[in-house]
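# Topology and contacts: notes
Here's the letter readout for the chains.
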Amino acid sequence: MSLMQEAMTKNDWERREKGLPPLKVKVIPRPEPAKPDIENEIKFKDIPADDFVELEYAKRNTLKNREGLRFIGYDVSMILNSVAKRKPGRPKESEREEVLTESKTLVGWMQEGEFLTLVRNFRKKINPQVINW
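To keep things clear, this report deals only with the structure shown in the data block. (Residues numbered from 1 in each chain as written. Predicted model: local features only at pLDDT ≥ 70, side-chain atom pairs only at ≥ 80, totals over all residues. Heavy atoms only, no water.)

## A short note on the packing of aromatic side chains
Within the structure shown, the criterion is met by five aromatic pairs. With centroids separated by 4.5 Å and ring planes inclined at 15°, the aromatic side chains of phenylalanine 52 and phenylalanine 122 adopt a geometry described as stacked. Residue phenylalanine 52 is located in strand E1 (residues 52-64), and its partner phenylalanine 122 is located in the loop between helix H3 (112-121) and strand E4 (131-132); the two are separated by 70 residues in the primary sequence. Taking relative accessible area as the criterion, phenylalanine 52 reaches 3% and is therefore assigned buried. An angle of 85° between the planes, with centres 6.1 Å apart, marks the rings of tyrosine 74 and tryptophan 133 as edge-to-face. In this pair, tyrosine 74 sits in strand E2 (residues 70-83) while tryptophan 133 sits in the segment after E4, placing the two residues 59 residues apart along the sequence. (Phe/Tyr/Trp six-rings, centres within 6.5 Å; stacked < 30°, edge-to-face > 60°. Helix = DSSP H or I, 4+ residues; strand = E, 2+ residues; numbered from the N terminus. Buried < 20%, exposed > 50% of the residue type's maximum accessible area, 1.4 Å probe, protein only.)

## Structural notes on the nonpolar core
Among the nonpolar cores identified, the biggest contains 16 residues, and Phe52, Leu55, Val76, Phe115 and Leu118 are the most heavily contacted of them. Of all the elements in the fold, those that place two or more residues in this core are E1, E2 and H3. At four residues, E2 tops the list of elements feeding residues into this core. The residues contacting valine 76, other than those within four sequence positions of it, are Ile42, Leu55, Tyr57, Ala58, Leu106, Val107, Gly108, Met110 and Phe115. (Core = buried A, V, L, I, M, F, W, Y, C linked by side-chain atoms within 4.5 Å. Contact = heavy atoms within 4.5 Å.)

## Overview of H3
Within H3, the full set of buried residues consists of Phe115, Leu118 and Val119. Considered in projection along H3, the buried side chains sweep an arc of 95° and stay on one side of the axis. (Arc of directions from axis to C-beta.)

## As for the pattern of salt bridges
Any two side chains of opposite charge can pair, so long as their charged atoms come close to each other. With the rule as written, the count across this model stands at one salt bridge. Close ionic contact of lysine 35 with glutamate 41 constitutes a salt bridge, the shortest N to O distance being 3.3 Å. According to the relative accessible area criterion, lysine 35 is partly exposed, its value standing at 42%. Classification of glutamate 41 by relative accessible area gives partly exposed; the value is 28%. (Salt bridge = Lys/Arg side-chain N within 4 Å of Asp/Glu carboxyl O.)

This is the structure we're talking about:
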């Protein structure tokens, strides 16, 4: 007795009798699931590498879309430094020596893959104790 997986169509049987390979099975493409409504989504490419200072906290948070599909991610808060923009023109001598920096706090939700990329690239600057796995 044969299993249903071993069963073949009449066309495949005739091709096998002739010594030809069976026809390729058509794969039904799955549509990408709809993303949940996210207010502050952060992507790794949006974080400037030179400006990253530290990760304040990261807490695991799963979000559901309308169909109930779960998206795993993290609520994160990080501190970034940015060089203050100055006025156009030749800088004064006092401005040349001073490098003005402002610290900004970036708060939002990161998808798990993006967060793991962040941790991998900035592992020297990130304290692992602030991450709530």
